[in-house]
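Examining the three-dimensional arrangement
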Amino acid sequence: MKKLVLVAVMSLGSLTAFAQETEAISTEATEVATEATEAVTEEVAVATEEAVEAQDGFNEVALEEVPEAITTALEAAHPGATISKAYANEDAQYKIEVAKADGETAELYADAEGNWIEM
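Description of the structure in this document. (Residues numbered from 1 in each chain as written. Predicted model: local features only at pLDDT ≥ 70, side-chain atom pairs only at ≥ 80, totals over all residues. Heavy atoms only, no water.)

**Thoughts on the overall build of the chain**
Across its full length, the chain holds two helices and four strands. Going from N to C terminus, the chain has its helices and strands arranged as α-β-α-β-β-β. Going through the 119 residues of the chain one by one, you find that 20% of them count as buried. Excluding contacts between residues fewer than 6 apart, the proportion of contacts in the chain whose partners are at least 24 apart in sequence is 39%. (Helix = DSSP H or I, 4+ residues; strand = E, 2+ residues; numbered from the N terminus. Buried < 20%, exposed > 50% of the residue type's maximum accessible area, 1.4 Å probe, protein only. Contact = heavy atoms within 4.5 Å.)

Take a look at the structure:
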């Protein structure tokens, strides 16, 4: 009878250790899957943004590449506004994302000479 109880206790202890090991493996697998999902989601977001930019013909440019005529026109039309992002197309037209002084944001279009255009 003592042997039976001893075997039962040993078996239960082995099962408990196995369950803990299985739980640790499951947790690690979940973490790896979560990291992979986040990485893929970020790649899809970047690819989508690039596709949208290419689709409308505008590609992002450095803020330093925005002609001075546009920055002058922006200051005259929207005092205190700053350019957040800028895009240009093959026709030397610019799409600029601006943050206005009142906290609002806007998307404006201009030609290289600083004339506002409707798109």
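Okay, back to it.
**Looking at the pairing of strand E4 (residues 105-111)**
In terms of burial, E4 is largely enclosed, as five of its seven residues are buried. Two strands pair when backbone bridges link them, and strand E3 (residues 93-99) and E4 are joined in this way by seven bridges, in the antiparallel orientation. Each residue of the ladder has a partner; that of alanine 99, found in E4, is threonine 105. Turn length for the E3-E4 hairpin, with the two strands adjacent in sequence and antiparallel, is five residues, and the turn residue glycine 103 shows positive phi of about 95°. (Pairing = 2+ DSSP bridges.)

**Quick look at the side chain of lysine 95**
The topology assignment puts lysine 95 in strand E3. Reaching out from lysine 95, the side chain makes a polar contact with the side chain of aspartate 56 at a distance of 2.8 Å. Not counting chain neighbours up to four residues away, the residues in contact with lysine 95 comprise Asp56, Phe58, Lys85, Ala86, Tyr87, Glu107, Leu108 and Tyr109. (Polar contact = N/O pair within 3.5 Å; in protein donor to acceptor, adjacent residues only side chain to side chain.)

**Looking at the pairing of E3**
Bridge analysis of strand E2 (residues 82-88) against E3 gives six bridges, and the strand direction is antiparallel. Bridge pairing in E3 links alanine 86 to isoleucine 96. Between E2 and E3, which pair antiparallel and follow one another directly, the connecting turn spans four residues, one of which, alanine 92, has a positive phi of 60°.

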